[in-house]
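Tertiary structure, described
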Amino acid sequence: MRLLGVDFGFKRIGLAVAETDPAIVTARPSLAASGTLAVDAQRLVEIARKEDVSEIVVGLPIEEDGQEGRMARICRTLAGHVRESGIPVALVDETLTSVEAERNLKIDSGLKGSQIRKLKDGEAARLILERRIAQMSQDMP
């Protein structure tokens, strides 16, 4: 099964693609956000079809108090637009993925700050996919 991971942001949309068997997850270059959720959803659907993915996994930002705030509602709306295309969508808690992504890039790469900012969104999307794959493994009998 192939999955497309999405770390949505107002400026950039982080992307990653995963094969679930064996579990191989690869960050992809980020997209510039268009400013319109329906347009961004259509672009994600186009990428999903081109990549032959069977599910799009959208990171769902949960607030520190465990509640869903404004950004979570926006991500749910984006997911709804994608679902209208007929491609299944999963929402996965993305708590601290951006922090972990930045830490991973600093430790593993020795990159400069500007380079890390360019790669961070894709790395966060990769982490979101790893969480989804872990969920799927737990759900299997």
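Residues numbered from 1 in each chain as written. Predicted model: local features only at pLDDT ≥ 70, side-chain atom pairs only at ≥ 80, totals over all residues. Heavy atoms only, no water.

**Side note on the overall build of the protein chain**
The criterion, for reference: By definition, any uninterrupted DSSP run of H or I lasting at least four residues is a helix, any uninterrupted run of E lasting at least two residues is a strand, and each is numbered from the N terminus. Per-residue accessibility, obtained with a 1.4 Å probe over protein chains only, is compared with the maximum for each type, and a residue is labelled buried under 20%, exposed over 50%, and partly exposed between these values. The contact definition used throughout considers only heavy atoms, calling two residues in contact when any of these lie within 4.5 Å. Reported accessibility uses the Shrake-Rupley method at a 1.4 Å probe radius. Residues are deemed covered only where the shown protein chains occlude them.
Of the regular secondary structure elements, the protein chain holds four helices and five strands. For the protein chain, the N- to C-terminal ordering of α and β elements is β-β-β-α-β-α-β-α-α. Put simply, the protein chain has 141 residues, and 43% of those count as buried. Contacts spanning at least 24 positions in sequence make up 62% of the contacts within the protein chain whose residues lie at least 6 apart. On the protein chain, roughly 7,800 Å² of surface is accessible, and the fraction owed to carbon and sulfur atoms is 51%.

**Observations concerning helix H2 (residues 70–83)**
Filter applied, for reference: The span you would expect from a helix comes to 1.5 Å times its residue count less one. The arc in question is the one traced by the directions running from the helix axis out to the C-beta atoms.
For H2, spanning 14 residues, the distance from its first C-alpha to its last is 20 Å, which sits close to the expected 20 Å at 1.5 Å a residue. Along H2, the residues that are buried comprise Ala72, Ile74, Cys75, Leu78, Ala79 and Val82. The arc that holds the buried residues of H2, viewed along the axis, is 160 degrees, so those residues lie on one side. Residues of H2 that are buried make contact with strand S1 (2–7), helix H1 (37–51), strand S4 (55–60) and strand S5 (89–93).

**Comments concerning the packing of aromatic side chains**
To keep things clear, this is the line we draw: Working definition: a ring pair exists when centres of Phe, Tyr or Trp rings (six-membered ring for Trp) sit within 6.5 Å. Plane angles under 30 degrees give stacked, over 60 give edge-to-face, the rest tilted.
The full count for this structure, using the stated rule, is one aromatic pair. Their ring planes at 80 degrees and their centres at 6.1 Å tell us that phenylalanine 8 and phenylalanine 10 sit as a pair that is edge-to-face. You can call phenylalanine 8 buried: its relative accessible area is 8%.

**Thoughts on the pattern of salt bridges**
Under the convention used in this document: The term salt bridge refers to a pairing of a side-chain nitrogen on Lys or Arg with a carboxyl oxygen on Asp or Glu at a separation within 4 Å.
Enumeration according to the criterion identifies eight salt bridges in this entry. For arginine 2, the salt bridge identified is with glutamate 19, shortest N-O distance 2.7 Å. Here arginine 2 is found in strand S1, whereas its partner glutamate 19 is found in strand S2 (residues 12–20), with 17 residues between them in sequence. A salt bridge links arginine 126 to glutamate 123, with the shortest nitrogen-to-oxygen separation between them at 2.7 Å. Separated by three residues within a single helix, arginine 126 and glutamate 123 lie in helix H4 (residues 113–139), roughly one turn from each other. What makes glutamate 123 buried here is its relative accessible area of 10%. Overlapping salt bridges bring together Arg2, Glu19, Arg28 and Glu51 as one network.

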